[in-house]
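# Examination of the molecular architecture
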Amino acid sequence: VHHVPTVEQNMKELGIVLPEPVPVKGRYQKVVVHNGIAYVSGALATLPDPLRVAYAGVVGADLTLEEARESARVALLGILSSLAEALGGLDRVERFLHLGGYVNVAPGFTKVNHVIGGASELIDSLFGSDALAARTSIGVAELPDGASVVLDAIVAVSA
Amino acid sequence: VHHVPTVEQNMKELGIVLPEPVPVKGRYQKVVVHNGIAYVSGALATLPDPLRVAYAGVVGADLTLEEARESARVALLGILSSLAEALGGLDRVERFLHLGGYVNVAPGFTKVNHVIGGASELIDSLFGSDALAARTSIGVAELPDGASVVLDAIVAVSA
Amino acid sequence: VHHVPTVEQNMKELGIVLPEPVPVKGRYQKVVVHNGIAYVSGALATLPDPLRVAYAGVVGADLTLEEARESARVALLGILSSLAEALGGLDRVERFLHLGGYVNVAPGFTKVNHVIGGASELIDSLFGSDALAARTSIGVAELPDGASVVLDAIVAVSA
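Read on for a plain summary of the structure.

Each value, and the rule that gives it
- Residues numbered from 1 in each chain as written.
- Chains lettered and ligands numbered in written order.
- Predicted model: local features only at pLDDT ≥ 70, side-chain atom pairs only at ≥ 80, totals over all residues.
- Heavy atoms only, no water.
- Phe/Tyr/Trp six-rings, centres within 6.5 Å; stacked < 30°, edge-to-face > 60°.
- Helix = DSSP H or I, 4+ residues; strand = E, 2+ residues; numbered from the N terminus.
- Buried < 20%, exposed > 50% of the residue type's maximum accessible area, 1.4 Å probe, protein only.
- Contact = heavy atoms within 4.5 Å.
- Buried area = accessible area lost by both parts, 1.4 Å probe.
- Salt bridge = Lys/Arg side-chain N within 4 Å of Asp/Glu carboxyl O.
- Polar contact = N/O pair within 3.5 Å; in protein donor to acceptor, adjacent residues only side chain to side chain.
- Pairing = 2+ DSSP bridges.
- Axes fitted to C-alpha atoms, helices over the stretch in contact; angles between N-to-C directions.
- Parallel < 35°, antiparallel > 145°, perpendicular 65-115°, else oblique.
- Left-handed = near helix turned anticlockwise from the far one by under 90°.
- Nonpolar A, V, L, I, M, F, W, Y, C, P; charged D, E, K, R; others polar.

Turning next to the packing of aromatic side chains. Residue and element names in this part refer to chain A. Considering all chains together, one arrives at three aromatic pairs over all chains under this definition. Considering the side-chain rings of Phe-96 and Phe-127, the 5.4 Å spacing of their centres and the 70° angle between planes classify their relative orientation as edge-to-face. Of this pair, Phe-96 sits in strand 5 (residues 93-104) while Phe-127 is found in helix 3 (residues 112-127), placing the two residues 31 residues apart along the sequence. Overall, Phe-127 belongs to the buried group, its relative accessible area being 16%.

Before going further, it helps to spend a moment on the interface of chain C and chain B. Taken together, the contact pairs 22 residues of chain C with 31 residues of chain B. Considering only the surface of chain C that becomes buried against chain B, Arg27(C), Tyr39(C) and Glu142(C) emerge as the three largest contributors, covering 36% of it. At the boundary of chain C and chain B, one finds one salt bridge. A salt bridge links Arg27(C) to Asp124(B), with the nearest nitrogen and oxygen atoms 2.6 Å apart. In this structure, the connection of chain C to chain B is made through 10 residue pairs in polar contact (both at pLDDT 80 or more). Residue assignment for the side of chain C that touches chain B shows that the elements contributing at least two residues are strand 1 (31-34), strand 2 (37-43), strand 6 (134-140) and strand 7 (149-157) of chain C. At four residues, strand 2 of chain C tops the list of elements feeding residues into the side of chain C that touches chain B.

Turning our eyes to something else, we now look at the pattern of salt bridges. Following the criterion strictly, the structure yields 15 salt bridges over all chains and no others. Between Glu85(C) and Lys30(C) there is a salt bridge, with its nearest N and O atoms 2.8 Å apart. Taken together, the positions of Glu85(C) in helix 2 (residues 65-87) and Lys30(C) in the loop between helix 1 (7-13) and strand 1 put the pair 55 residues apart, joining distant regions of the chain. The class of Glu85(C) is partly exposed, set by a relative accessible area of 48%. Each of the salt bridges in this network shares a partner with another, and the network as a whole consists of Glu66(A), Arg69(A) and Glu121(A).

The next subject is the pairing of strand 7 of chain C. Residues and elements named next belong to chain C. Within strand 7, nine of the nine residues are buried, leaving the element largely enclosed by the surrounding structure. Residues Val-149, Leu-151, Ala-153, Val-155 and Val-157 line one face of strand 7 and the alternating positions Val-150, Asp-152, Ile-154 and Ala-156 line the opposite face, and both faces are buried. Relative to strand 7, strand 2 runs antiparallel, the two being bridged by five bridges. Within strand 7, the residue paired with Val-40 across the bridge is Ala-153. Here strand 5 (residues 93-104) pairs with strand 7 via nine bridges, running antiparallel.

Here strand 1 (residues 31-34) of chain A runs beside strand 2 (residues 37-43) of chain A; their pairing, made up of four bridges, is antiparallel. Residue pairing across strands places Val33(A) opposite Ala38(A), the latter belonging to strand 2 of chain A.

In this complex, chain B contributes 22 residues to the contact, which on the side of chain A involves 31 residues. Surface buried jointly by chain B and chain A totals about 2,000 Å² across both partners, of which 59% is contributed by carbon and sulfur atoms. Sorting the residues of chain B by area buried against chain A places Arg27(B), Tyr39(B) and Glu142(B) first, and these three jointly supply 35% of that buried surface. Where chain B meets chain A, there are one salt bridge.

Residues and elements named next belong to chain C. Pairing within the open sheet is mixed, and its five strands lie in the order 1-2-7-5-6. Each having just a single partner strand, strand 1 and strand 6 make up the two edges of the open sheet. With direction set aside, neighbouring strand axes in the sheet form an average angle of 15°. Running at roughly 40° to strand 7, helix 2 makes contact with strand 1, strand 2, strand 5 and strand 7 of the sheet.

All names here are of chain B. Put simply, helix 2 (residues 65-87) and helix 3 (residues 112-127) touch, their axes get as near as 7 Å, and they point 45° apart. Here helix 3 runs oblique to helix 2, going by the angle between their axes. Considering the relative orientation of helix 2 and helix 3, their crossing is right-handed. Across the interface between the two elements, Leu-65, Ala-68, Arg-69, Ala-72, Arg-73, Leu-76, Leu-77 and Leu-80 of helix 2 pack against His-114, Val-115, Ile-116, Gly-117, Gly-118, Ala-119, Glu-121, Leu-122, Ile-123, Leu-126 and Phe-127 of helix 3. In terms of residue class, the contact of helix 2 with helix 3 is made up of 13 nonpolar, three polar and three charged.

Put into structure tokens, the structure is as follows:
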């Protein structure tokens with residue numbers, strides 16, 4: 001018999017370890033679950049020990065497209081870390097509904113959708129194509145802590 | 001007896017033909033429907049044959065307010081094209097819940113809500129005032145493929 | 001017996017009076033309620049008599065962090081004013097699901113999450129920590145009417 005691999009098995013296969021959950025610095029929640037929908041706060045790429053922003057800077061000036069795609073990929077790990085903390089793991093994730101991608105860009109850098117592709121492709125690898133989100137990618141002026149990419153998400157979760 | 005005109009009848013009356021659905025270039029979905037809600041990916045104005053971005057450029061520098069309003073209007077047709085493809089037509093559209101409008105602006109151009117009005121007014125013309133969305137209009141730094149306007153939407157749909 | 005204070009009592013205690021609802025200038029709705037979820041249009045800080053934008057300008061250039069936090073706080077009052085008008089008061093507000101915060105920033109101003117904190121802290125004071133939202137804070141290029149902060153919200157409401 002063929003077993004569909006779980007997200008955890010896919011992560012192990014890809015050598016992916018979720019980052020430690022970041023602390024909440026302010027009066028908000030990283031994830032709010034209501035009627036089977038999880039609203040996930042904006043997340044950015046981090047590095048541990050000590051916890052700090054990874055891939056900070058302006059895409060098209062300080063960072064290349066490839067570095068920005070990696071920033072988006074690691075920011076998605078932040079989204080998954082928040083979801084795993086809120087849901088007690090990732091098994092309850094049914095599918096992504098919407099992914100918002102915000103890219104800190106230099107004037108003239110228009111490949112913002114390619115940047116967010118770094119996150120979308122990881123969703124595909126881990127959860128499969130049936131879990132893919134609708135998506136909006138925009139280039140913005142500044143992001144918290146000088147991050148190059150912020151992602152937020154709306155996710156369908158099971159009880 | 002008086003019949004409420006359908007969206008298709010309204011479109012015919014206004015001489016509006018939906019653009020061909022754009023191909024998905026990446027790992028996302030143009031529309032995700034879940035529990036009666038459609039999440040629609042960011043869409044921009046296009047021209048066909050060959051498919052290309054229409055009204056590219058910076059509003060307040062390359063494009064006037066009127067051109068930007070037309071860009072928003074045509075971007076909404078992109079949203080409708082995606083919905084029609086996903087739902088097998090527009091009859092299942094109950095109402096718009098939220099419309100996000102992102103405008104690629106020159107410094108000092110603050111009439112971003114007037115730009116997005118080009119899309120809102122078309123929703124009104126086609127679906128009627130009971131279908132109007134809550135709306136957020138912001139001026140951004142860059143948009144995919146140099147578009148002047150991107151729209152995304154959350155839409156209530158019937159089964 | 002101990003009574004949990006209502007939002008109205010908390011507002012009275014804090015000396016907060018909701019601003020008059022702003023008129024709708026265009027083809028959108030300030031609040032759309034669907035299946036227990038309220039989608040609230042982007043709101044900015046206003047002053048009355050005559051109605052005008054408060055705290056207009058660019059954060060990090062025209063406005064300090066503290067002024068921007070006050071702008072976010074007053075913009076949240078705009079969100080609450082819209083909700084109260086749509087729901088016949090604030091008693092039907094169950095909790096905030098998502099708060100979007102858009103800050104008109106000067107280059108190099110990265111404390112956008114601290115700015116939006118001015119709104120989040122007011123949600124906490126009025127509705128309590130169980131009502132706190134997931135949150136996305138981004139720095140943008142321009143906002144309607146030159147506002148320094150725009151907020152939008154998705155809110156769970158009871159019947």
